[in-house]
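Coordinates in review
Each chain, written out:
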Amino acid sequence: MTATARPALDPELRDLLADMPLMSRLDPEILAQLRQYPSPPVDSLLADRNAGLRGVTVRAEDGTPIRLSVFTPTHRDRTTPAPCVYWMHGGGMVMGDRFSQIDIPLEWLDEFGAVVVSVDYRLAPEATGTTLVDDCYQGLLWIAEHAAELGVDPARIVVAGASAGGGLAAGVALLARDLDTPAIAGQLLICPMLDHRNSTVSSRQFSGDPGVWTREMNEFGWRSVLGGLTDGEVPAYVSPALAEDLSGLPTTYIDTGSAEVFRDEDTEYASRIWAAGGQAELHVWAGGFHGFDALYPRAQISATARRTRTQWLARLLRSA
């Protein structure tokens, strides 16, 4: 195998990606520029939806205020508690906010009448170590404690996220298991960022050339969140692939693309859940690059990936 051998992109995605400015690396200067671009206005996503939005502030363990956004269906049967999707955004743990990729879980508000809660966890490099995952966990505790107020069924809380958010959702699930609270019905991990070691075949395949998320960009994201921690000091809640025991986790959905950095760590995580006796559903979308369905939701492969996730969530919520 040559150093540049890699799975080809889906032809439709390849044509769409040709018009997108790509990068091969991240550094503090580029990050500062990227952070200046706001998420798409959430009002446009709510304009044609029967949904209300309110903000909530919870306190992190160190007292820092953490913002949550609560999206609630306005036309639903209030006598029946709703499912809840707790959303953690992507952005390499260094950028993004609680509205990033929010169109994905809002589809589940439409489909299932789910209450969607998203969290503005602190970002690296300003925050490091377990701070990010701890912020997310505090949001989960708030949801569980306020389930009745939210009209949420505490037995149908699902943690979900994309990319860095998928990794944080996995870390939150590990924390909830180890601390024995609160109960989580499922974890939905979209191209999750799970392993700081960056040592898989797929991480090497997508290196050296511009892309949506390259090996070099991944190294920057992990360096930012880990600070000066050595490999032996990295907690599994931050880098979930390090967890020695993956038993006792909620039923899991993982998807990824064949043409992306996280492919191998994501498939390995699913395999290890099975090996521990757990339940996981894994999809590797042929020709999908990192975040393809978020960037180009109308592409055929993207629509299929999003529909397949929704079908899994429907099965999960029926059985919970």
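Residues numbered from 1 in each chain as written. Predicted model: local features only at pLDDT ≥ 70, side-chain atom pairs only at ≥ 80, totals over all residues. Heavy atoms only, no water.

1. Some details on the overall build of the protein
Along the backbone of the protein there are 12 helices and eight strands. Here the C-alpha atoms of the protein give a radius of gyration of 18 Å, agreeing with the 20 Å that 2.2 N^0.38 yields for 320 residues. For the C-alpha atoms alone, the extent of the protein along its principal axes is close to 60 × 40 × 40 Å. In the protein, which comprises 320 residues, the share counted as buried stands at 55%. Taking as baseline every contact in the protein between residues at least 6 positions apart, the subset at least 24 positions apart corresponds to 76%. When the accessible area of the protein is evaluated, it comes to approximately 13500 Å², of which 51% is carbon and sulfur surface. (Helix = DSSP H or I, 4+ residues; strand = E, 2+ residues; numbered from the N terminus. Rg over C-alpha atoms; globule rule 2.2 N^0.38 Å. Buried < 20%, exposed > 50% of the residue type's maximum accessible area, 1.4 Å probe, protein only. Contact = heavy atoms within 4.5 Å. Areas by Shrake-Rupley, 256 points an atom, 1.4 Å probe, with all protein chains shown as cover.)

2. Comments concerning helix α4 (residues 103–112)
Taken together, the buried positions of α4 are I104, P105, L106, W108 and L109. Positive phi shows up at G113, right after α4, with a value of about 65°.

3. Concerning the sheet that holds strand β5 (residues 152–162)
One key point about sheets: their strands pair by backbone hydrogen bonds, in either a parallel or an antiparallel sense. The eight strands lie next to each other as β1-β2-β4-β3-β5-β6-β7-β8, forming an open sheet whose pairing is mixed. Across the chains shown, the open sheet's two edge strands, defined by having one partner strand only, are β1 (51–59) and β8 (280–285). On average, each strand axis in the sheet is tilted by 15° relative to the strand beside it, whichever way the strands run. Alignment of β1 against strand β2 (residues 65–73), held across nine bridges, turns out to be antiparallel. Looking across to β2, one finds that T57 is bridged to R67. (Pairing = 2+ DSSP bridges. Axes fitted to C-alpha atoms, helices over the stretch in contact; angles between N-to-C directions.)

4. Here we look at the nonpolar core
Within the largest apolar cluster, 69 residues are counted, with the highest numbers of intra-cluster contacts made by Y86, M88, L140 and Y269. Looking at which element gives the most residues to this core, the answer is helix α7 (residues 164–179), with nine residues. Core analysis: the next-biggest nonpolar cluster, separate from the first, contains 35 residues, I104, L106, L188 and L317 among them. (Core = buried A, V, L, I, M, F, W, Y, C linked by side-chain atoms within 4.5 Å.)

5. Digging into the side chain of E265
Mapped onto the fold, E265 is located in helix α10 (residues 263–275). Lacking a salt bridge, the buried E265 has R197 as its closest oppositely charged neighbour, with an N-O distance of 8.3 Å. Among the polar contacts made by the side chain of E265, one reaches the main-chain amide nitrogen of L194 at a distance of 2.9 Å. Among residues more than four places away in sequence, those in contact with E265 are P192, M193, L194, D195 and T200. (Lys, Arg positive; Asp, Glu negative; His and termini not counted. Salt bridge = Lys/Arg side-chain N within 4 Å of Asp/Glu carboxyl O. Polar contact = N/O pair within 3.5 Å; in protein donor to acceptor, adjacent residues only side chain to side chain.)

By themselves, these figures tell us nothing about what the structure is for.
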